[in-house]
Amino acid sequence: MLYAWVRTTVFSEAAQGLDPQRPVCYVLQDRHLSNLLVLFEETRRAGLPAAEAPFVLKGAAGRRSAFFLNRTHTRQPGQPSPLLLAQLQEVVGDPGVDVQLVPVVILWGRSPNKQESILKALFAETWRSAGMFRQFVTILLHGRQTLVRFNAPLSLHALVHGGAAPLPEALALRKVTRILRVHFRRQREMAIGPDLSHRNTQVEMILAAPTVRVAIAAEAGRLGLAPGEAQARAEKFALEIASDYAYGAVRALELFLSWLWEHLYDGVQVHNFGVVTRIAPGQGIVYVPCHRSHIDYLLLSYLIHKNGLTPPHIAAGDNLNLPLVGPLLRRGGAFFLRRSFKGEPLYAAVFHEYLHLMLARGFPIEYFIEGGRSRTGRTLAPKAGILGMTIESFVRSHARPLVFVPVYIGYERLLEGKTYVRELAGRPKQGESLWQLLKSARRIRRVFGQVHVNFGEPLPLAVFLDERRPGWRAVPEDEAAAWLRATTRTAAVELATRINAAAVVNPVALVALGLLATPCLTADELALRRLIAHYQALDAALPYSPQRVACALDPVQVIAHARRLGIVEPIPHPFGDLVRVTDAQAEQLPYFRNNVLHLFAVPALVACLLANNRSLEARRLTDAVVGIAALMRPELFLRWDDDGLLHEIQRVIAVFAERGLLRRGERDGWLQAPEAGSEAFPDLQLIGETLRPTLGRHFLALSLLQERGSGTLTRQALAENCHLLAQRLALLHGASAAERADKGAFAGLVANFIDCDLLREDEEGLLHFDAHLLGPLTYAELVLPVEARQAIRRIAVQP
């Protein structure tokens, strides 16, 4: 019955090496009836001694001439085969007796990396011993591609008596089983690649670590558990966390994702991947991407794998450990962590040790320092959690160099776009579920444009620590905690800055910059082309960083691309065609402007100052830009220090003058906006409007602090009040839901003020500040129209 379906390819090294005068016994690796039946049939077909014949050798006898090396699925798992024990007893007791052991490898299907079917890849040969159900499905899928290899026979007599002295029975058993295991391992490695499924080994090493042993003892005392119960609890945590890498799952994901990208996107563009390949072998790598979508997890690992490098092990939130999906992600290299370790010291110890083990053994890792997906398109304030654990692990053991690789991921359309808009409007965040995942499958045939993945400037951790804390390798452990916290915060900001420095200017971002500055999200097409050309000229003349990627399309192509994606629509008109944002995309477009806002922050601020004042002394303009940029730097992760910013301002003024966006005043040292009736003046106004929502948010927070006074608000109260007042301002004076800025944006703004020592938090959690924090408020009249300033002031003074 089996061979009505199964077709085999047989390779035999045994036929020429067998001695017909000595008994033969076949060895199979795993205990499966299907493997045994294939062995019976193939020995008959090849004319070899029959495997189903009883084995007889003096006192050693068996029902068949074969045994299984691994006896996992027996009544006595872990015990050696009784037939092998009997054979060894005879060979050890009588030097004239010998048995020819013939290892037989049976592989169902090809290597996972040769599979072209997702289902077949999932059930391809792996390093795990298959259960009954998996073996049955494997036969159905791969039965017609079964490989059978009869290997050269091993002399049991030579193994026992080949040394200086005969081995006793126990040592002989250990030697024979070890040789057979190594033999099967090499054969399997040749067929399907090396074993990367290290989960069980990792768990054993974690539980044996001194820090975890101490934590287990403390857990037993804290909860009144027996030592064995606390040990079991630690093992449960380790299994909950650890990845379970499998070739078949990786290949299945590769096939599925290749299909998904083809149907979902116009293409996936990879930039600057050479920075990864240039990292010297033997160094550990931590990929640190920005977090825009759930697609990020899959996309980065896919691209790294397709470019010939080992896919990273990904730190994923336990909210993604869903039925069916979680095990598949775990086999693709994901390890899971809880959102909070609070109240679980044993879990924290196990996770710390797991991360340390991964880093020490050189496995590439990927995690998102923002903690969650950005709903606004801006890079979120980085979290110190897993980054701090990484730095602490490196300080503890730094034999292997460690390099952080920042990665920017930019989309032209988002799968979660509507969800983000609803959440920004105040709707509660929906939890991830298998049902939500299945519902999202309906969107696969929609057009989502291109995706850009850009690898930024790497950050070698040892070099970074040497610059911040010379002699860190010799710092006593009791003194390390304080400087590690400060260093982690500095490293987090540096990585976020490098992510932003690798931004990609795509067509949708350019259209968003242009149209969101207009009152009705509508522009004359010629004027929009002109505005896009200004942005591209600024990007070309004032590149934000060497890592950023410019848009290669011209303004006409940019608008056509946005039309094809359904982001804008044309409005024919006798006096000139117009371009308008479609109703479906109006709320989502600010997201894509915010992706690149930092690239044009300084030009937009200069434009805002000139357009609002018509004429300014160059020194006054420079002071205003420096003062306001000090507030924006923590939120936009601007890359310049004070001297670099002064230089950048001068470059912006030069480019503006070259493009007719400003004039040198008749008085020396003065700058003037173009004539009000000129074509350039509305262009200057629109460039300045780009930054207006950000400026409004900052000045709202400062006005609220000024009104309430120092030492009266907590961090949470300030963020909450800012959020509510911003919503009220938007409803009264008009703004889209996405422009109101979610509570997280204000929470991040307040956190940035604290990190930069603009605000101080006392023991009771109240915020204190001095007059220099409110200094930028003096520039409000320079950058905000009078009606906007009055609206913010009225809102701020309301109880």
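See above for the structure.
It should be emphasised that the depicted structure is a prediction, and the values quoted were computed from it without experimental measurement.

Asker: How do you make sense of the environment of L355 when you look at a structure like this?
Answerer: Mapped onto the secondary structure, L355 falls in helix α14 (residues 345-360). Residue classification places L355 among the buried residues on the basis of a relative accessible area of 1%. Note: C-alpha distance between L355 and A315 (40 residues apart in sequence) is 9.6 Å. When residues no more than four places from it in sequence are discounted, the contact partners of L355 are I365, I386, M389 and T390.

Asker: What am I meant to see in the nonpolar core here?
Answerer: Considering soluble globular proteins, one finds that nonpolar side chains tend to be buried as a cluster. Residues F455, L621, L695, L759 and V783 are the most contacted members of the largest nonpolar core, which totals 195 residues. Counting residues per element, this core draws most heavily on α14, which supplies eleven residues. Beyond its immediate stretch of four places on either side in the chain, L695 contacts L605, C608, I628, M632, V783 and L784. Formed by 25 residues, the second largest nonpolar core is a distinct cluster that contains L84, V91, L156 and L159.

Asker: Explain the sheet that holds strand β20 (residues 615-617) here, please?
Answerer: Strand pairing within a sheet occurs via backbone hydrogen bonds; the two strands may be parallel or antiparallel. Read across the sheet, three strands follow the order β20-β22-β21 without closing on themselves; strand pairing throughout is antiparallel. Each edge of the open sheet is held by one strand with a lone partner, namely β20 and β21 (663-664). Two elements, β20 and strand β22 (residues 670-672), share three bridges in a ladder whose sense is antiparallel. Of the residues in β22, the one forming a bridge with L616 is L671. Set on the sheet, helix α25 (residues 618-636) makes contact with β20 and β22; between it and β20 the angle comes to about 85°.

Asker: How should I be thinking about the sheet that holds strand β18 (residues 568-571) in this particular structure?
Answerer: Strands sit in the order β17-β19-β18 across an open sheet of three strands; the sheet is antiparallel. Two strands bound the open sheet, and with one partner strand each, they are β17 (522-524) and β18. When strand polarity is set aside, the average angle formed by the axes of neighbouring strands in this sheet is 25°. In this sheet, strand β19 (residues 578-581) lies alongside β18 in antiparallel orientation, the contact comprising four bridges. Its bridge partner lying in β19, P570 is registered against V579. Contacts between helix α21 (residues 525-541) and the sheet are confined to β17 and β19, with β17 contributing the most and set at about 95° to the helix.

Asker: Sorry if this is basic, but what is going on with the packing of aromatic side chains here?
Answerer: Each aromatic ring pair is described using two quantities: the centre-to-centre distance and the angle formed by the ring planes. If you walk through the whole model with that rule in mind, you get 17 aromatic pairs. For the ring pair Y26 and F150, a centre distance of 6.1 Å and an interplane angle of 70° mean the geometry is edge-to-face. Taken as a pair, Y26 in strand β2 (residues 24-30) and F150 in strand β7 (residues 146-150) lie far apart in primary sequence, 124 residues in all. When its relative accessible area of 0% is taken as the criterion, F150 is described as buried. Above the face of the Y347 ring, R338 is positioned so that its terminal group lies 4.3 Å from the ring centre. Residue placement shows R413 over the ring face of F448; its charged tip is 5.4 Å from the ring centre.

Asker: How should I be thinking about unusual backbone geometry in this particular structure?
Answerer: If a residue is not glycine, its phi is most likely negative; likewise, a peptide bond is most likely trans. We note that N272 has phi near 60°; this positive angle belongs to a residue other than glycine. By the secondary structure assignment, N272 is in the loop between β9 (267-271) and α11 (274-277). Under the relative-accessibility criterion, N272 is labelled partly exposed at 37%. Here F637, not a glycine, exhibits a phi torsion of approximately 55°, which is positive. With respect to the element layout, F637 can be found in the loop between α25 and α26 (642-658). Residue F637 is classed as buried on the basis of its relative accessible area of 4%.

Asker: In this structure, what is going on with the pattern of salt bridges? I would like to understand it.
Answerer: Oppositely charged side chains may form a pair once their charged atoms are brought near each other. Within this structure, the stated rule accounts for 31 salt bridges. Residues E344 and R233 are paired through a salt bridge, measuring 3.1 Å at the closest nitrogen-oxygen approach. Of this pair, E344 sits in the loop between β12 (334-337) and α14 while R233 sits in helix α9 (residues 227-241); the two residues are 111 residues apart in sequence, bridging distant segments of the chain. A relative accessible area of 18% places E344 in the buried class. Where D642 meets R633, a salt bridge forms, and the shortest distance between an N and an O atom there is 3.7 Å.

Asker: Even after reading the chapter, I still don't get the side chain of H534, so can you show me in this structure?
Answerer: Tracing the chain through its elements places H534 in helix α21. Overall, H534 belongs to the buried group, its relative accessible area being 5%. A distance of 3.2 Å separates the side chain of H534 from the side chain of D683, its partner in a polar contact. The residues contacting H534, other than those within four sequence positions of it, are R659, L661, D683 and I687.

Asker: How should the environment of T622 be read in this particular structure?
Answerer: Note on placement: T622 falls in helix α25. For the pair T622 and V606, spaced 16 residues apart in sequence, the C-alpha separation works out to 8.5 Å. Not counting residues up to four positions away in its chain, the partners in contact with T622 are L646, I649 and Q650.

Asker: How do you make sense of a nonpolar patch on the surface when you look at a structure like this?
Answerer: Together, W5, F136 and L140 give the surface a local cluster of nonpolar side chains, amounting to about 310 Å² of exposed area. Relative to the helices and strands, W5 resides in the segment before β1 (8-12).

Asker: Would you explain α14 in this entry?
Answerer: One turn of the α-helix equals 3.6 residues, which is why residues spaced by three or four share an orientation. In this model, α14 (16 residues) spans 22 Å end to end at C-alpha, consistent with the 22 Å of a helix rising 1.5 Å per residue. In terms of residue burial, α14 counts as a mostly covered element, since 13 of its 16 residues are buried.

Asker: Help me understand the packing of helix α8 (residues 210-223) against α14, please; the structure alone is not making it clear to me.
Answerer: If you want to describe how two helices pack, look at the angle between their axes and the distance between the axes. The geometry of α8 relative to α14 is characterised by a closest axis approach of 9 Å and an angle of 170° between their N-to-C directions. By the angle between their directions, the pair α8 and α14 is classed as roughly antiparallel. For the pair α8 and α14, the contacting residues are T211, V212, A215, I216, E219 and R222 in the first and P345, L346, A349, V350 and E353 in the second. Of the residues assigned to the contact of α8 with α14, the class counts are seven nonpolar, one polar and three charged.

Asker: I keep staring at the packing of helix α7 (residues 199-208) against α14 and nothing clicks. Help me out?
Answerer: Where α7 meets α14, the axes come as close as 10 Å, and the angle between the chain directions of the two elements is 120°. Taken together, α7 and α14 sit at an angle that is classed as oblique. The way α7 lies across α14 gives a crossing that is right-handed. In this structure, α7 contributes Q202, M205 and I206 to the contact, and α14 contributes V350, E353, Y354, L357 and M358. Counted by class, the contact of α7 with α14 contains six nonpolar, one polar and one charged residues.

Asker: Hey, could you run me through the side chain of H452 in this one?
Answerer: With respect to the helices and strands, H452 occurs in strand β15 (residues 450-455). Owing to a relative accessible area of 10%, H452 belongs among the buried residues under this scheme. A distance of 3.0 Å separates a polar atom in the side chain of H452 from a polar atom in the side chain of H271. Apart from the residues lying within four places of it in its own chain, the contact partners of H452 are Q269, H271, Y408, I409, G410, E412, V504 and N506.

Quick notes on the rules
- Residues numbered from 1 in each chain as written.
- Predicted model: local features only at pLDDT ≥ 70, side-chain atom pairs only at ≥ 80, totals over all residues.
- Heavy atoms only, no water.
- Helix = DSSP H or I, 4+ residues; strand = E, 2+ residues; numbered from the N terminus.
- Buried < 20%, exposed > 50% of the residue type's maximum accessible area, 1.4 Å probe, protein only.
- Contact = heavy atoms within 4.5 Å.
- Core = buried A, V, L, I, M, F, W, Y, C linked by side-chain atoms within 4.5 Å.
- Pairing = 2+ DSSP bridges.
- Axes fitted to C-alpha atoms, helices over the stretch in contact; angles between N-to-C directions.
- Phe/Tyr/Trp six-rings, centres within 6.5 Å; stacked < 30°, edge-to-face > 60°.
- Lys NZ or Arg CZ within 6 Å of the ring centre and 35° of its normal.
- Salt bridge = Lys/Arg side-chain N within 4 Å of Asp/Glu carboxyl O.
- Polar contact = N/O pair within 3.5 Å; in protein donor to acceptor, adjacent residues only side chain to side chain.
- Patch = residues over 30% accessible without salt bridge, like charges linked within 9 Å, V, L, I, M, F, W, Y side chains within 5 Å.
- Areas by Shrake-Rupley, 256 points an atom, 1.4 Å probe, with all protein chains shown as cover.
- Expected span 1.5 Å × (residues − 1).
- Parallel < 35°, antiparallel > 145°, perpendicular 65-115°, else oblique.
- Nonpolar A, V, L, I, M, F, W, Y, C, P; charged D, E, K, R; others polar.
- Left-handed = near helix turned anticlockwise from the far one by under 90°.

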